[in-house]
Amino acid sequence: MEEGGPAQTEEEDASGSEEGALQVSHGSGACKWFNVRMGFGFLSMTTRDGTPLDEPVDVFVHQSKLHMEGFRSLKEGEAVEFSFKKSSKGLESLQVSGPNGGPCLGSDRRPKGAQKRRSRGDRSV
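Read on for an overview of the structure. (Residues numbered from 1 in each chain as written. Predicted model: local features only at pLDDT ≥ 70, side-chain atom pairs only at ≥ 80, totals over all residues. Heavy atoms only, no water.)

1. Some remarks on the packing of aromatic side chains
Part 1: With the rule as written, the count across this model stands at 5 aromatic pairs.
Part 2: Taking the centre distance of 6.0 Å and the plane angle of 65° together, the rings of Trp33 and Phe40 count as edge-to-face.
Part 3: Classification of Phe40 as partly exposed rests on a relative accessible area of 26%.
Part 4: In this structure an aromatic cluster arises from ring pairing among Trp33, Phe40, Phe42 and Phe60. (Phe/Tyr/Trp six-rings, centres within 6.5 Å; stacked < 30°, edge-to-face > 60°. Buried < 20%, exposed > 50% of the residue type's maximum accessible area, 1.4 Å probe, protein only.)

The following block contains the structure:
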């Protein structure tokens, strides 16, 4: 019984840590694509926790997770570093920055009609 007890505990710990606790990993790569109008896109992760990957892996990114001032977006191909977790929908970024933790550069594009939306919001306040 002693041998079965510790093995069972290890299995419980392993399954509990994956489901119960937040597993945060770190990655680096580039922006695969980003929709400035919708405010989200995907990163192409080429390194996970310091280890190069054989094949790039997609990681979801939302504009609210970007480290930068002003309008938050990413430019296609922009180099990024990020922390991420596994969610029910796949891999999801938690914080995204430029190389060495600097701010993201962002896209030159802005959504059409952004000025109109801002002015409507200003009028209603």
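2. Details of the pattern of salt bridges
Part 1: Counting across every chain of the model gives 2 salt bridges.
Part 2: When the shortest N-O distance is used, the salt bridge between Asp58 and Lys32 registers 3.0 Å. One end of the pair, Asp58, is in strand S3 (residues 51-62); the other, Lys32, is in strand S1 (residues 24-35), and 26 residues separate them in sequence.
Part 3: On the basis of relative accessibility, which here comes to 40%, the residue Lys32 falls in the partly exposed class.
Part 4: Linking Asp108 and Lys75 is a salt bridge whose minimum nitrogen-to-oxygen distance equals 3.7 Å. Remark: Lys75 occurs in the loop between S3 and strand S4 (79-87) and Asp108 occurs in the loop between strand S5 (90-97) and helix H2 (114-124); sequence separation between them is 33 residues.
Part 5: A residue is classified by how much of its surface remains accessible, and Lys75, at 42% relative accessible area, is partly exposed. (Salt bridge = Lys/Arg side-chain N within 4 Å of Asp/Glu carboxyl O. Helix = DSSP H or I, 4+ residues; strand = E, 2+ residues; numbered from the N terminus.)

Function-wise, these values are silent; they only describe arrangement.
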